[in-house]
Amino acid sequence: MKLPNSTFWLLLTLPLMVTEATHQPSYINRRQQKLIESSMDLNADPCTDYYQYACGKWADHVDGAGSKFYETLTMLDYQVNRELANHMDRLRLRHGPRFVRKAYEYYRSCFDVESYKPLEYLRWMKIHENLKWPMLWADPKNNVEFDWVQTLAVMRRYGMNGVLVEEIVYQKKDDPSRLTVDLDKPVEGGGFVAMAERNLKVLIETLDIPMNSRTFKKLWKEISDFEELLLRLDDIPDEEGSRLITVRELPLPWLKKYLRIVLQQSSLDPDMELYIQNIPYLEALDALLKEYDNRFICKYLEIRFLWHLNLKGPEDFFKEDCLSSTRSLLPMAMHWIYEQKNPEILQESTKIRELFNNLVKEFKQQLEQNNHGFNETILSYLLNKLDHIQLKIGNLPRIDTVPVLERHYANLTLNVSDFYGNHLKLLAFSVQSLHLGNNNTLSTNASHYFHLESYETGSSSSPYFIQRSNIVIIPVTALKTPIYHPSYEDIYKYSSLGFLLAHEILHGFDYTGLEVDISGKLNTPQYNNILANTNFDNNYQCLRKLNPYVIDEKIADISGLRYAYNTFFNLQPEALNRTRQIYGMSMSLKKLFFLNFAQFFCGVTTSDTEDAISTSEHGMDSDRVNDALAHFPEFAKEYNCGEESRLQSPRSCNLWRR
């Protein structure tokens, strides 16, 4: 049944919204307390493993954990995907913005796929990009000439990056209103990631091509041997670091051709500036590629491109999968649709901004105490940056929202009957948008700004911080239970959403964020002065020992928890002496704060997710909880942790301690 219009859909959902909105606050808070109690593993020692103590039974209590989602954020995303999929199925497109139709066309084309046929991508690319594809499963029967540079550059335009080379666009170091290209070896996301044999097997199975075991083993050996050589190149040192050069100074001729095709220009201005890094790697790569013929390199790129499309596409073709992919590829359109469907969320903006401002005020008081002994110039640098940090609720421009989004998607044409073409077009649209930028995406005004989200970010409810704009963004999809509810008591708001906001605020003052000044420029001299401060460096080195690979996250977690905790109890000092019955035991509100803080990280780890989580930019959730609490002396005191306890650290590391 088609939906008459968006107003009627709002009327359909109104009883559900009213039902929840008219719940007594006591019910909403009891439900949150019940979630906390049901998640607890009372057999665990809170002073040894607080994550197990607070979250050990979470998967047993939460329906769908371990199968449909794995932790709180993916649970929220799963719920949002189901909600929006049902909404899209009832959407009538006669009235409303054109970008809504485009979102529907991609979603519908995805959901109508009966079986995945990735060879359709290659056919589309052959027609629209005139690319020639070598056969993967048989020896060549003709003398077709292949051009690996053209192939690699065209694939970059469709989102593939970090294979052989990496090309990214970012704001200039001395002028955040201008964009520049950076050429490098693969570094984003931990650097070049070789294919696993199981990946190739999955890919060949989806291609539905005849390939016996012997042929597959031959192909796998070719690919794995080549990638092993690529991995060795990663160890080549780069003593010069990042250099600003012109196109005429590019060290290898094929880099000019590559860049010209990526930027879709007939010729490049020889005086165009760009950054380049790891030139010794690029020279070694050039030498390695000369040892292979173009056919093999293009065959390798063909495999990597198909795997890229597999990773940057829907996990399957059920409603929730297609909706998630639609959120990833058309994030702005889907943000708008979600807000139209849930207008009550933005009604909480004033309260959420008040919470955010209270956190900023608490942190400012700490900075003003100047415990590190910074000189007046550095202290002013830090305080000015904090004074101008902004909160953005929902990643949409708040001025002329619909006209801005219509312009953003104006040149995008989709076909409701062509999933493979739509998918490729949207990947190309995302890359092109990053290269072009616009007044909104380069703005430092949160009301005008919107972030060009990556495939992963677009469908995620995770908050994030934009360093060059000094803006904290909290997706509206995150403003749901168990993170937030209008009727939550303040202790639940500050220990969950408050922590998340404080965490993102601290990213402006972590190891990398400190280099960006109030105007969004990289202020290296001032940054070096901060790092040279002995007190600052001692605390930084202390934190670095926890996990040097996620040091910024450790800074944000440990300091974020402290400022969320301090803000709440300084605003409500009477809460310091109050207790509550939790699991039939009298617990202080301090303990309740810690329990609800941990609740955000509760999840279930499987063999499929453990490696990915441990190597992610945040680290393991269990480590995040335990490390943050181990370096928070009030926790050990509240739980009477002995000196030998794991969470009774002999030294409390906190970069921005109170």
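Right, let's walk through the structure included here. A quick note: this is a predicted structure, and the numbers were derived from the prediction, not measured.

**Remarks on the overall build of the protein chain**
Item 1. For the protein chain, the count of helices and strands is 28 helices and nine strands.
Item 2. Against the 2.2 N^0.38 benchmark of 26 Å for 658 residues, the protein chain shows a C-alpha radius of gyration of 26 Å, consistent with a compact globule.
Item 3. Counting only C-alpha atoms, the protein chain reaches 80 × 65 × 50 Å along its principal axes.
Item 4. Every one of the 658 residues in the protein chain was classed for burial, and the buried ones make up 55%.
Item 5. In the form shown here, the protein chain has an accessible surface area of approximately 29700 Å², with 47% of it arising from carbon and sulfur atoms.
Item 6. Where the 72 positive side-chain charges of the protein chain centre and where its 86 negative ones centre are 5 Å apart.

**Quick look at the sheet that holds strand E1 (residues 166–172)**
Two pairing modes exist for strands in a sheet, parallel and antiparallel, and in both the strands are linked by backbone hydrogen bonds.
Item 1. Overall, mixed pairing links the four strands, which are arranged E1-E2-E4-E3 in an open sheet. With partners counted over all chains shown, the strands left at the sheet margins are E1 and strand E3 (243–246), one partner each. Across the sheet, the mean angle separating the axes of adjacent strands is 35° when strand polarity is ignored.
Item 2. Pairing of E3 with strand E4 (residues 273–276), which is carried by four bridges, proceeds in the antiparallel orientation.

**Points about the pairing of strand E2 (residues 175–184)**
Item 1. Of the strand pairs in this sheet, E1 and E2 are connected by seven bridges, and their pairing is antiparallel. The residue bridging valine 169 from the neighbouring strand is valine 181, located in E2.
Item 2. Hairpin remark: E1 followed by E2, antiparallel, with two residues in the connecting loop.
Item 3. Strand direction decides the pairing type here: E2 and E4, joined by two bridges, are parallel. Residue leucine 183 lies in a different strand from E4, and its bridge partner there is isoleucine 276.

**Observations concerning helix H10 (residues 213–233)**
Item 1. Relative to the 30 Å expected for 21 residues at 1.5 Å per residue, H10 spans 30 Å between its end C-alpha atoms, a close match to the ideal helical length.
Item 2. Residues of H10 that are buried: Phe216, Leu219, Trp220, Ile223, Phe226, Glu227, Leu230 and Leu233. Buried positions in H10, seen along its axis, are confined to an arc of 140° and lie on one side of it. Exposed residues on H10 whose side chains face more than 90 degrees from its buried face are Arg214, Lys217, Lys221 and Arg232.
Item 3. Those residues of H10 hidden inside the fold are in contact with helix H9 (197–207), helix H12 (279–289) and helix H13 (294–311).

**Examining the environment of glutamine 32**
Item 1. Its location among the elements puts glutamine 32 in helix H2 (residues 25–39).
Item 2. C-alpha of glutamine 32 to C-alpha of threonine 206: the two residues are 174 residues apart in sequence and 43 Å apart in space.
Item 3. When sequence neighbours within four positions are dropped, the list of residues in contact with glutamine 32 reads Pro482, Tyr488, Tyr492, Asn596 and Gln599.
Item 4. Side chain to side chain, glutamine 32 and tyrosine 488 meet in a polar contact 2.7 Å long.

**So, the packing of aromatic side chains**
Item 1. All chains considered together, the criterion is met by 50 aromatic pairs.
Item 2. Ring centres of tyrosine 494 and phenylalanine 568 lie 6.1 Å apart, and the angle between their planes is 40°; this geometry places the pair in the tilted category. Here tyrosine 494, found in helix H21 (residues 490–506), pairs with phenylalanine 568, found in helix H24 (residues 551–571); they are 74 residues apart in sequence, far enough to count as distant. In this structure, tyrosine 494 and phenylalanine 568 share a single accessibility class: buried.
Item 3. The rings of Tyr50, Tyr53, Tyr494, Tyr565, Phe568, Phe569, Phe593, Phe594, Phe632, Phe635 and Tyr639 are connected pair by pair, giving a single aromatic cluster.

**Concerning unusual backbone geometry**
A negative phi holds for most residues other than glycine; trans holds for most peptide bonds.
Item 1. The omega angle of the peptide bond from threonine 481 to proline 482 is 10°, so this bond is cis rather than trans.
Item 2. If you trace the backbone, proline 482 turns up in the loop between strand E7 (471–474) and H21.
Item 3. If you check the backbone angles, leucine 164 has positive phi at about 70° while not being a glycine.
Item 4. The backbone phi angle of asparagine 640 is positive, close to 55°, even though this residue is not glycine.
Item 5. Mapped onto the fold, asparagine 640 is located in the segment after helix H28 (633–638).

About the cut-offs
- Residues numbered from 1 in each chain as written.
- Predicted model: local features only at pLDDT ≥ 70, side-chain atom pairs only at ≥ 80, totals over all residues.
- Heavy atoms only, no water.
- Helix = DSSP H or I, 4+ residues; strand = E, 2+ residues; numbered from the N terminus.
- Rg over C-alpha atoms; globule rule 2.2 N^0.38 Å.
- Buried < 20%, exposed > 50% of the residue type's maximum accessible area, 1.4 Å probe, protein only.
- Areas by Shrake-Rupley, 256 points an atom, 1.4 Å probe, with all protein chains shown as cover.
- Lys, Arg positive; Asp, Glu negative; His and termini not counted.
- Charge placed at Lys NZ, Arg CZ, Asp CG, Glu CD.
- Pairing = 2+ DSSP bridges.
- Axes fitted to C-alpha atoms, helices over the stretch in contact; angles between N-to-C directions.
- Expected span 1.5 Å × (residues − 1).
- Arc of directions from axis to C-beta.
- Contact = heavy atoms within 4.5 Å.
- Polar contact = N/O pair within 3.5 Å; in protein donor to acceptor, adjacent residues only side chain to side chain.
- Phe/Tyr/Trp six-rings, centres within 6.5 Å; stacked < 30°, edge-to-face > 60°.

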